[in-house]
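Coordinate analysis (summary)
So you can see what is in the structure, the chains are spelled out below.
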Amino acid sequence: MADNKQYITQVQDNGRVLISEEVIATIVAQSLTEIEGFVTLSNKPGADYADIVGKKNWGKGIKVVISENDEITIDCNVIVTYGTSVISVAKAIQEAAVSALDSMTGISVVDVNVNVCGIVRK
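Residues numbered from 1 in each chain as written. Predicted model: local features only at pLDDT ≥ 70, side-chain atom pairs only at ≥ 80, totals over all residues. Heavy atoms only, no water.

1. With respect to the nonpolar core
The biggest cluster of nonpolar side chains holds 27 residues, and the ones touching the most others in it are Ile-24, Ile-62, Ile-72, Ile-74, Cys-76 and Ile-93. If you list the elements that add at least two residues to this core, you get α1 (21-32), β3 (38-41), β4 (62-66), β5 (72-81), α3 (86-105) and β6 (109-120). At six residues, α3 tops the list of elements feeding residues into this core. The contacts of Cys-76, once residues within four sequence positions are left out, are Val-28, Gly-61, Ile-62, Ile-93, Val-112, Asn-113, Val-114 and Asn-115. (Core = buried A, V, L, I, M, F, W, Y, C linked by side-chain atoms within 4.5 Å. Buried < 20%, exposed > 50% of the residue type's maximum accessible area, 1.4 Å probe, protein only. Helix = DSSP H or I, 4+ residues; strand = E, 2+ residues; numbered from the N terminus. Contact = heavy atoms within 4.5 Å.)

In structure tokens, the structure reads:
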């Protein structure tokens, strides 16, 4: 992402606003912290190596894909609390991501895909 950053462009009266994939991923990650049953994002193997080569959010649990017509798809790899409804937590994650991006940026999200990678006891 460091060399090939993709941005959402929003045209304003006095110019443009560019919002990067990293900003979108950070907003989504922060929105998840308030969800009952959400524990953490799940790192993919190789995440440490990705940091070294400059791919900051690769493997960090959130992948943002921006299409040519500025449609956004988000993939979240998460770990949830044992005993909670996985479906309810996943739905809350989807709603939180869409709501946070809409309120903070006005960006419309096409899909929020939730991959539950693990369950842990608290």
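Having seen the structure, we can now continue with the description.
2. Side note on the pairing of β6
By the bridge criterion, ten bridges tie β5 to β6 in an arrangement that is parallel. Pairing of Asp-75 across the sheet is with Asn-113, part of β6. Handedness of the crossover joining β5 and β6 through α3: right-handed. (Pairing = 2+ DSSP bridges. Right-handed = clockwise from strand over helix to strand, strands pointing away.)

3. Remarks on α3
Relative to the 28 Å expected for 20 residues at 1.5 Å per residue, α3 spans 28 Å between its end C-alpha atoms, a close match to the ideal helical length. Considered for burial, the residues of α3 that qualify are Val-89, Ala-90, Ile-93, Ala-96, Ala-97, Ala-100, Leu-101 and Thr-105. Viewed along the axis of α3, the buried residues span an arc of 125°, placing them on a single side of the element. Exposed residues pointing more than 90 degrees away from the buried face of α3 are listed as Ile-87 and Ser-103. (Expected span 1.5 Å × (residues − 1). Arc of directions from axis to C-beta.)

4. Examining the pairing of strand β2 (residues 15-20)
With six bridges joining them, strand β1 (residues 7-12) and β2 adopt antiparallel strand pairing. Counted as the bridge partner of Tyr-7 is Ser-20 from β2. In this structure, the hairpin formed by β1 and β2 is closed by a connection of two residues.

5. Some remarks on unusual backbone geometry
With phi around 65°, Asp-70 is a residue other than glycine that occupies positive phi space. Relative to the helices and strands, Asp-70 is located in the loop between β4 and β5. Given the relative accessible area of 30%, Asp-70 is considered partly exposed.

6. Re the environment of Asn-113
Here Asn-113 is to be found in strand β6. Sequence separation between Asn-113 and Ala-90 is 23 residues; the distance between their C-alpha atoms is 8.7 Å. In contact with Asn-113, other than residues within four places in its own chain, are Thr-73, Ile-74, Asp-75 and Cys-76. A polar contact is formed between the side chain of Asn-113 and the side chain of Asp-75, at a distance of 2.8 Å. (Polar contact = N/O pair within 3.5 Å; in protein donor to acceptor, adjacent residues only side chain to side chain.)

7. Observations concerning the environment of Thr-26
As for its placement among the helices and strands, Thr-26 is situated in helix α1. According to the relative accessible area criterion, Thr-26 is partly exposed, its value standing at 45%. Along the sequence, Thr-26 and Ile-62 sit 36 residues apart, while their C-alpha atoms lie 8.8 Å from each other. From its side chain, Thr-26 meets the backbone oxygen of Glu-22 in a polar contact 2.8 Å long.

8. Thoughts on α1
For α1, built from twelve residues, the straight-helix expectation of 16 Å at 1.5 Å per residue is met to within 8% by its first-to-last C-alpha distance of 17 Å. If you check which residues of α1 are buried, you get Glu-21, Glu-22, Ile-24, Ala-25, Ile-27, Val-28, Ser-31 and Leu-32. Buried residues in α1 make contact with β1, β2, β3, β4, β5 and α3.

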